[in-house]
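# Residue-level structural notes
One letter stands for each residue in the lines below.
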Amino acid sequence: MAKLILSMDGLVLKEIALTKERMSIGRKASNDIQIDNLAISGEHAAVVTILNDSFLEDLNSTNGTLVNGQPAKKHFLKNGDVVELGKYKLKYVAEQAQSVESADFEKTMVLRPNALRPAPVAGELSMAAAEAVKLQDGIPGASSAPPPIAPVAPAPAVGAIQILNGASAGRELELVKTLTTLGKPGVQVAVIAKRPQGYFITHVEGAKFPMLNGRAIDSQAQALKDHDVLEIAGIKMEFFLKS
């Protein structure tokens, strides 16, 4: 589990485990990570964690947020990154670091096909069964019938989205990546995460939250169902499962 190490002037103040998908940082007591300092905005920044990946979003703070000494509005966190808020520093430590290119994350609707292991064809199964019969020839009590072949579990349905309006209306995108970003940076961005339990959408950036079937989602991940309708940055799209 990833964590943040809070320090000031080289003195470690505490360690915070990233146990929630979205953890807010700011001066107000309502934040998950409260830093009571006038240089920190009431709601300064947030860290969103999906599976083993975390990214930082500055919430239009007054004094801004630095990552490794550079101003950042949104930043994909890597192990060892240092977030600076005034005199305070938050070091990101990923205990299970996963290699993800930040450039890919910044792109909109980026898809990267996963490597699929081909299923054995019927001819190969027949040859394997025939070889098993040959090995049994001449063995007393051995059955001449081929050994039973365990049924192959059907592959899980692949999620996809179809754009319903705008210049790309009708375009279809398969959600084969672990994370797929959707929207317009600086306006509204959301992430669809592919998990063993299914597909989930999480708000990442923007003052307004994405719409799901006509209702705004909250800061927590929302499970997607077949034929759900999403609206992100003014673009409507339908989520569906391909058999």
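In what follows, the accompanying structure is described. Here the structure is a predicted model, which is why all the values come from computation and not from measurement.

Another aspect to go through is the environment of Val-82. As for its position among the elements, Val-82 is in strand 10 (residues 82–85). On the accessibility criterion, Val-82 (23% relative accessible area) is partly exposed. It is 9.2 Å that separates the C-alpha atoms of Val-82 and Ile-5, two residues lying 77 residues apart in sequence. Not counting the four nearest positions on each side in its chain, Val-82 is found in contact with Leu-66, Val-67, Asn-68, Lys-89, Leu-90 and Lys-91.

With that settled, consider the pattern of salt bridges. On inspection of all chains with the given rule, the structure shows six salt bridges. Notably, a salt bridge pairs Arg-195 with Glu-21, separated by 2.5 Å at the nearest N-O pair. Within this pair, whereas Arg-195 is found in strand 15 (residues 188–195), its partner Glu-21 is found in the loop between strand 2 (11–17) and strand 3 (22–26), the two being separated by 174 residues in sequence. Residue Arg-195 shares its accessibility class with Glu-21, and that shared class is buried. With a closest N to O distance of 3.4 Å, Asp-58 and Lys-73 form a salt bridge. In this pair, Asp-58 is assigned in strand 6 (residues 53–58) and Lys-73 in the loop between strand 8 (70–71) and strand 9 (74–76), connecting sequence segments 15 residues apart. Residue Asp-58 is classed as buried on the basis of its relative accessible area, which comes to 5%.

Calculation notes
- One numbering rule holds for all chains: residues counted from 1, following each sequence as written.
- It should be noted that, the model being predicted, local features are given only for residues of pLDDT at least 70 and side-chain atom pairs only at 80 or more, the latter also being counted only at that level, while totals for whole chains, interfaces and linings use all residues.
- Note that the side-chain values use all heavy atoms of the structure and ignore hydrogens as well as water.
- Runs of H or I in DSSP of at least four residues are treated as helices and runs of E of at least two as strands, each being numbered from the N terminus.
- Only protein chains enter the accessibility calculation, which uses a 1.4 Å probe; a residue is then buried when its area is under 20% of its type maximum, exposed when over 50%, and partly exposed in between.
- Should any heavy atoms of two residues lie within 4.5 Å, those residues are considered in contact.
- Salt bridge, as used here, is a side-chain nitrogen of Lys or Arg placed within 4 Å of a carboxyl oxygen of Asp or Glu.

Keep in mind these numbers describe shape, not what the thing actually does.
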